[in-house]
Amino acid sequence: MDTNWLADFLVLSNRGNFSQAADERNITQSAFSRRIKALETWLGTELFDRSSYPVTLTPEGQIFHATAQNVLRELELNRVEFQRRNSGTTPDIRLAASTSLALSFVPEWLQQIKGACGAFSVSLDTYDFYEMIELLGDRKMDLVVLYSKPEVPAFFEHQAFESIKLGEDTMHLCTALDAKGQPAFDVDNPPRSGLEYIGYGQTGYFSKVEDLLFSTMTAQDPEFVCTSQSGTCEFMKRLAVMDQKMIWLPACSAYEGVKSGQFALAGNGRYDTNLDIWVYRNRETTSALVETIWAHLKTDPCTSHLERFQLSPS
């Protein structure tokens, strides 16, 4: 079996669309379809219900989903570990963070920590929410930085971890701009077809935040229509710009797009929601450096740069 099949399977399970999944995997749709079929033949069962749109996982596909995630994660962890051993270098800190935080919040956060605690090397990886929690529980990560929201429980064993709230962010409803540089959608004057948006894949934490937002809407609110899904925030941003759709983005992730004119904030904050940023560690850590960093973060979360990402409707 080709391990690429597993990655293909996970992308399609998030996207629900063969064409878009093939684009994300950078292969033709016909080649992508053949690889999915080859995986199903190898397993001896159908993984996707192709009679629905978007395509959905069959019961067998739902069972296999966790297996595929675990296999790829273990392979990647082994690859990284072997490379470190062969290069003779081992990072002082193993850190995992959601993609949006890793690209925006974490770099300057680490810089501030190093200024207070001294220089150290770091390995930074991104996985989905629950994979990172599992890695932390297995002590394969020293620190994990994640978004969280009290109204959206994460369902993991909090007693196994210590946590520090680092700061707050806002998840904004954004709209891409059209060819004339105007917002593609006006929440106050929605088209009859509804407000089209790019949604978060159902295996991710942000999909539950979206569910919470929709649960608070009433019959007076406009209809939102999901046209595509993905668990990768940065890919979703690109797709929203290309297809001129709406998207919910944390301010840390939306900031550059809004300032560069790719996105505009929508709805005057009516459909925004607050998020917390937390750092977690395993209670059984034995790293003196982690202890030093943790003690400092308790008094100074090193988040002075968060103010820079604040956005308000123009």
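Structure: see above.
Residues numbered from 1 in each chain as written. Predicted model: local features only at pLDDT ≥ 70, side-chain atom pairs only at ≥ 80, totals over all residues. Heavy atoms only, no water.

Draft legend 1. Local environment of the overall build of the chain. The helix and strand tally for the chain stands at 11 helices and 11 strands. The C-alpha atoms of the chain give 21 Å as radius of gyration, which agrees with the globular expectation for 314 residues (20 Å, within 12%). Reported as C-alpha extents along the three principal axes, the dimensions of the chain are approximately 60 × 55 × 35 Å. In the chain, buried positions account for 48% of the 314 residues. Taking as baseline every contact in the chain between residues at least 6 positions apart, the subset at least 24 positions apart corresponds to 76%. (Helix = DSSP H or I, 4+ residues; strand = E, 2+ residues; numbered from the N terminus. Rg over C-alpha atoms; globule rule 2.2 N^0.38 Å. Buried < 20%, exposed > 50% of the residue type's maximum accessible area, 1.4 Å probe, protein only. Contact = heavy atoms within 4.5 Å.)

Draft legend 2. Layout of the pairing of strand β4 (residues 122–125). Only one face of β4 is covered, namely the face carrying Ser123 and Asp125; the face carrying Val122 and Leu124 is uncovered. Both strand β3 (residues 93–97) and β4 contribute to a ladder of four bridges, which runs parallel. Looking at the pairing, Ile93 lines up with Val122 of β4. (Pairing = 2+ DSSP bridges.)

Draft legend 3. A look at the packing of aromatic side chains. Scanning the entire structure with this criterion turns up 15 aromatic pairs. Ring centres of Phe9 and Phe48 lie 5.4 Å apart, and the angle between their planes is 55 degrees; on these two criteria the pair is classed as tilted. Of this pair, Phe9 sits in helix α1 (residues 3–15) while Phe48 sits in strand β1 (residues 48–49), placing them 39 residues apart in sequence. For the residue pair Phe9 and Phe48, the accessibility class agrees, reading buried in each case. Connected via pairs of aromatic rings, a cluster forms that spans Tyr197, Phe214, Phe224, Trp248 and Tyr271. In this arrangement the basic side chain of Lys114 is found over the ring face of Phe120, its NZ or CZ atom lying 5.3 Å from the centre. (Phe/Tyr/Trp six-rings, centres within 6.5 Å; stacked < 30°, edge-to-face > 60°. Lys NZ or Arg CZ within 6 Å of the ring centre and 35° of its normal.)

Draft legend 4. Region of the structure containing the nonpolar core. One finds Phe105, Trp109, Val145 and Trp248 to be the most contacted residues of the largest nonpolar core, which totals 75 residues. In terms of residues, this core owes the most to one element, strand β6 (residues 161–176), which gives seven residues. In this structure, Val11, Ile36, Leu47 and Phe48 belong to the second largest nonpolar core, which totals 17 residues. (Core = buried A, V, L, I, M, F, W, Y, C linked by side-chain atoms within 4.5 Å.)

Draft legend 5. Structural context of the pattern of salt bridges. According to the stated counting rule, one finds 14 salt bridges in the structure shown. A salt bridge links Glu40 to Arg50; the nearest nitrogen and oxygen atoms lie 2.9 Å apart. In this pair, Glu40 sits in helix α3 (residues 29–43) while Arg50 sits in the loop between β1 and β2 (56–57), placing the two residues 10 residues apart along the sequence. In this structure Glu40 comes out as buried when scored by relative accessible area, which is 3%. Since its relative accessible area comes to 38%, Arg50 is described here as partly exposed. With its nearest N and O atoms 2.7 Å apart, the salt bridge here joins Arg281 to Glu162. Here Arg281 is found in strand β11 (residues 273–282), whereas its partner Glu162 is found in strand β6, with 119 residues between them in sequence. The structure contains a network of salt bridges with shared partners spanning Asp8, Arg25 and Arg35. (Salt bridge = Lys/Arg side-chain N within 4 Å of Asp/Glu carboxyl O.)

This is a description of form; function is not addressed.
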